[in-house]
Amino acid sequence: MKDLKCEITIDEMGNIFAVRPGRRKDVPATFIGSHLDTQPTGGRYDGILGVLSGVESLKRMDEMGLETEGGVGVVNWTNEEGARFPVSMIASGVWAECIPLSKAHNLKEVPTVASLPTAASAPETMKSALEKINYLGDVPCSYKTTPMAAHFELHIEQGPHLVSAGQRVGVVTAVQAYRWFRLKIIGRDTHTGTTAFEHRADALYAFALMMVRAREVAAAKGCLASVGIIEVAPGSVNTVPGQVSFSLDIRGPETALVAEVERELRSDFDKIAATEGAGIGKPCRVEWTLDFDSPAVKFHEDCIDCVQQSAHAVVADAPVADTKALVRPIMSGAGHDSVFTSKRVPTSMIFVPCKDGLSHHPEEFSSADDCATGASVILQAVVRYDRK
Ligand code: HGY
Ligand code: MN
Ligand code: MN
Ligand code: MN
C-alpha cells in the first residue's frame with residue numbers, strides 16, 4: 001500500500017480502511033472489502049483474495065491514471081471468521097450497527113485457539129487483542145462514521161458448484177441463514193469400572209446420540225448442523241464424563257428452516273438427556289446459549305446487475321462459444337462481511353472457483369487465472385458503479 005496515495009484509518013474494531021481519493025470529496029467512497037483473518041488450519045484465499053483484489057484494483061487505477069468521481073477504498077474487516085473470537089462477521093456487524101461494540105470487545109478467545117502457540121498465552125478479550133497489536137483505532141466503528149457508496153466483495157466459492165460446472169464467475173444472489181450456539185450437557189462424573197450403564201448420566205454418550213439426531217433433523221429439512229468445538233470434563237480415562245460443552249452451527253437456505261431445526265433439536269435433545277441418567281433419578285440436562293444469528297440475505301437486483309455486466313465483459317474474450325455459461329447466479333453457503341454491509345449500502349459479491357470446492361483447509365486453492373478474472377470483474381464493477 002505504501003506506493004499508493006491512500007488515506008488510511010483504523011476504527012475501534014480494528015477494521016482498516018484505505019481510500020484512494022476521487023474528484024469529489026462530498027460523496028462516500030466505493031469500497032472493495034473482505035477479511036484477512038483465517039481458521040486454525042485455514043487456506044490462503046478465503047478472505048485474503050478479496051482484500052488483495054482491492055489493493056490490486058487501486059494499483060491498476062494508478063497505473064491507468066484513472067481519476068474516479070468518488071473515492072475508491074479497500075476495507076479489511078476484522079474477525080470475519082469467528083475462529084478466534086466466536087462470533088463471525090463481527091466487525092462488519094458492529095459497523096452496520098447490528099451488533100453492539102461491547103458484545104464484540106468482550107468476546108473471549110476460543111480456548112482451543114488460545115492454546116495455539118501463535119495466540120496469546122492466556123485467553124484474552126477481543127479488545128485486549130486489538131490493543132496488543134495496535135489495531136484498536138479511535139475512529140468509531142459505524143457506517144455513519146465510515147460511510148460507503150457501495151461494497152463489492154470477491155471471494156472463493158468455498159464449495160463445489162463452479163469448479164464442477166467449469167464456470168468462471170458466480171454472481172452471489174443470496175447468503176444462507178445461520179445460527180451459532182454453545183451447548184452444555186450436565187450429567188454426573190462416576191467411576192468407569194464400577195458404574196453400570198443404567199446407573200450412568202454419561203454426558204458424552206448423550207452428546208453422541210444428539211450428534212446423530214442433529215444430522216437427521218437437519219438433513220430432513222435440507223439444512224446443515226455441525227459441531228466444531230467440544231470440551232469433555234473432567235477428562236480422565238477412568239471417569240465417566242459428567243459434562244460436555246460444544247458448539248453447534250445450524251445453517252439453511254431460509255431463516256424459517258434454521259428456526260425449525262433449532263426448535264426440533266431443542267425438544268429432541270431434552271428427550272435424549274432425560275433418558276441418560278433416568279436409572280439413578282438424576283438425568284442429564286442441556287443448556288443452550290445463542291451466540292450469533294444471521295438471517296438469510298438476498299442482494300439487491302441493481303447491485304447484482306452491476307457485477308453481472310462486468311463478469312460477462314471480462315469473460316467475453318474467453319475462447320468458448322457461450323460466455324453465458326461461464327457466469328451464473330449462486331447462493332452462498334458461507335457467511336461473508338457483505339451480509340452486514342448489505343444492510344446499510346448497495347452490496348454485491350462474486351465468487352471464483354476453488355479446487356475441489358475445498359476451504360477452511362491448508363490445501364484451499366484458486367488458480368492465478370481465476371483470481372485474476374475475479375479481480376478484473378471487481379475492478380470493472382467498481383469503475384462502472386462510480387460512473388453511474
Ligand atoms: O462461517 C462462515 O460461513 C464464514 O467462514 N465466516
Ligand atoms: Mn471468508
Ligand atoms: Mn471462512
Ligand atoms: Mn423431534
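It should be emphasised that the depicted structure is a prediction, and the values quoted were computed from it without experimental measurement. (Residues numbered from 1 in each chain as written. Chains lettered and ligands numbered in written order. Predicted model: local features only at pLDDT ≥ 70, side-chain atom pairs only at ≥ 80, totals over all residues. Heavy atoms only, no water.)

A. Up close: the nonpolar core. Ranked by internal contacts, the top residues of the largest apolar core, which has 76 residues, are Met13, Met61, Ile90, Trp95, Met148, Phe152 and Phe292. Per-element tally for this core: the top contributor is helix H11 (residues 368–386), with 9 residues. Both domains that furnish three or more residues to this core are identified here as domain 1 (7–176 + 296–387) and domain 2 (177–294). For Phe292, the contacting residues outside a window of four places in its chain are Val87, Ser88, Met89, Ile99, Tyr178, Arg179, Trp180 and Phe340. Counting 27 residues, the second largest nonpolar core, distinct from the first, contains Ala177, Val217, Leu265 and Cys284. (Core = buried A, V, L, I, M, F, W, Y, C linked by side-chain atoms within 4.5 Å. Buried < 20%, exposed > 50% of the residue type's maximum accessible area, 1.4 Å probe, protein only. Helix = DSSP H or I, 4+ residues; strand = E, 2+ residues; numbered from the N terminus. Domains from an automatic or database assignment. Contact = heavy atoms within 4.5 Å.)

B. The arrangement of the coordination of the manganese ion (ligand 4) in detail. Within the protein, the atoms that donate to the manganese ion (ligand 4) are Asp268 (OD) and Asp268 (OD), at distances of 2.4 to 2.7 Å. Tracing the chain through its elements places Asp268 in helix H8 (residues 255–275). (Donors = N, O, S within 2.8 Å, 3.2 Å for Na, K, Ca; no water.)

C. Spatial organisation of the pairing of strand E1 (residues 7–10). Of the pairings in the sheet, the one linking E1 to strand E2 (residues 16–20) comprises 4 bridges and is antiparallel in character. Directly across from Thr9, in E2, lies its bridge partner Phe17. Hairpin geometry of E1 and E2 is characterised by an intervening segment of 5 residues between the two adjacent antiparallel strands and by a positive phi of about 80° at Gly14. (Pairing = 2+ DSSP bridges.)

D. Examining the coordination of the manganese ion (ligand 3) more closely. Looking at the manganese ion (ligand 3), the protein donor atoms are Asp46 (OD), Glu81 (OE), Glu81 (OE) and His360 (NE2), and they sit 2.1 to 2.4 Å from it. The sequence pattern formed by the donor residues of the manganese ion (ligand 3) is D-x34-E-x278-H. Separating the manganese ion (ligand 3) from the manganese ion (ligand 2) is a gap of 3.5 Å, bridged by Asp46, which donates to each. Separated by 314 residues along the polypeptide, Asp46 in the loop between strand E3 (30–35) and helix H1 (48–64) and His360 in the loop between strand E16 (347–352) and H11 bring together distant segments of the chain. Residue Asp46 is classed as buried on the basis of its relative accessible area, which comes to 3%. Assessed through its relative accessible area of 36%, His360 is described here as partly exposed.

E. Here's a closer look at the site of ligand 1. If you check the shell around ligand 1, you find Glu80, Glu81, Ser88, Tyr178, Trp180, Arg251, Ala334, Gly335 and His360 and nothing else. A distance of 2.7 Å separates an oxygen atom of ligand 1 from a polar atom in the side chain of Arg251. At 2.7 Å from an oxygen atom of ligand 1 is found a main-chain nitrogen or oxygen belonging to Gly335. Residues that form the shell around ligand 1 fall into these classes: 3 nonpolar, 3 polar and 3 charged. Taken domain by domain, the makeup of the shell around ligand 1 includes at least three residues from each of domain 1 (7–176 + 296–387) and domain 2 (177–294). (Near = heavy atom within 4 Å. Polar contact = N/O pair within 3.5 Å; in protein donor to acceptor, adjacent residues only side chain to side chain. Nonpolar A, V, L, I, M, F, W, Y, C, P; charged D, E, K, R; others polar.)

F. Representation of a nonpolar patch on the surface within the structure. Together, Leu204, Ile230 and Val232 make up a nonpolar patch on the protein surface, roughly 200 Å² of accessible area in all. Relative to the helices and strands, Ile230 is located in strand E10 (residues 230–233). (Patch = residues over 30% accessible without salt bridge, like charges linked within 9 Å, V, L, I, M, F, W, Y side chains within 5 Å. Areas by Shrake-Rupley, 256 points an atom, 1.4 Å probe, with all protein chains shown as cover. Salt bridge = Lys/Arg side-chain N within 4 Å of Asp/Glu carboxyl O.)

G. Examining the domain arrangement of the chain more closely. We note that the domain assignment places domain 1 (7–176 + 296–387) and domain 2 (177–294) within the chain. Once you take the C-alpha centre of each, domain 1 and domain 2 turn out to be 34 Å apart. Contact with domain 1, which involves 20 residues of that partner, is made by 14 residues of domain 2. Buried area between domain 1 and domain 2, summed over both chains or domains, comes out near 1,100 Å², and the portion from carbon and sulfur atoms is 54%. Put simply, domain 1 and domain 2 have 0 salt bridges between them. (Buried area = accessible area lost by both parts, 1.4 Å probe.)

H. Up close: the packing of H1 against H11. It is the contact of H1 with H11, at a shortest axis distance of 9 Å, that shows an interaxial angle of 60°. When the axes of H1 and H11 are compared, the pair comes out oblique. Here H1 and H11 pass one another in a crossing that is right-handed. Between H1 and H11, the contacting residues are Leu49, Ser53, Ser57, Arg60, Met61 and Met64 on the first element and Cys371, Ala375, Ile378, Leu379, Val382 and Val383 on the second. Its residues assigned to classes, the contact of H1 with H11 comprises 9 nonpolar, 2 polar and 1 charged. (Axes fitted to C-alpha atoms, helices over the stretch in contact; angles between N-to-C directions. Parallel < 35°, antiparallel > 145°, perpendicular 65-115°, else oblique. Left-handed = near helix turned anticlockwise from the far one by under 90°.)

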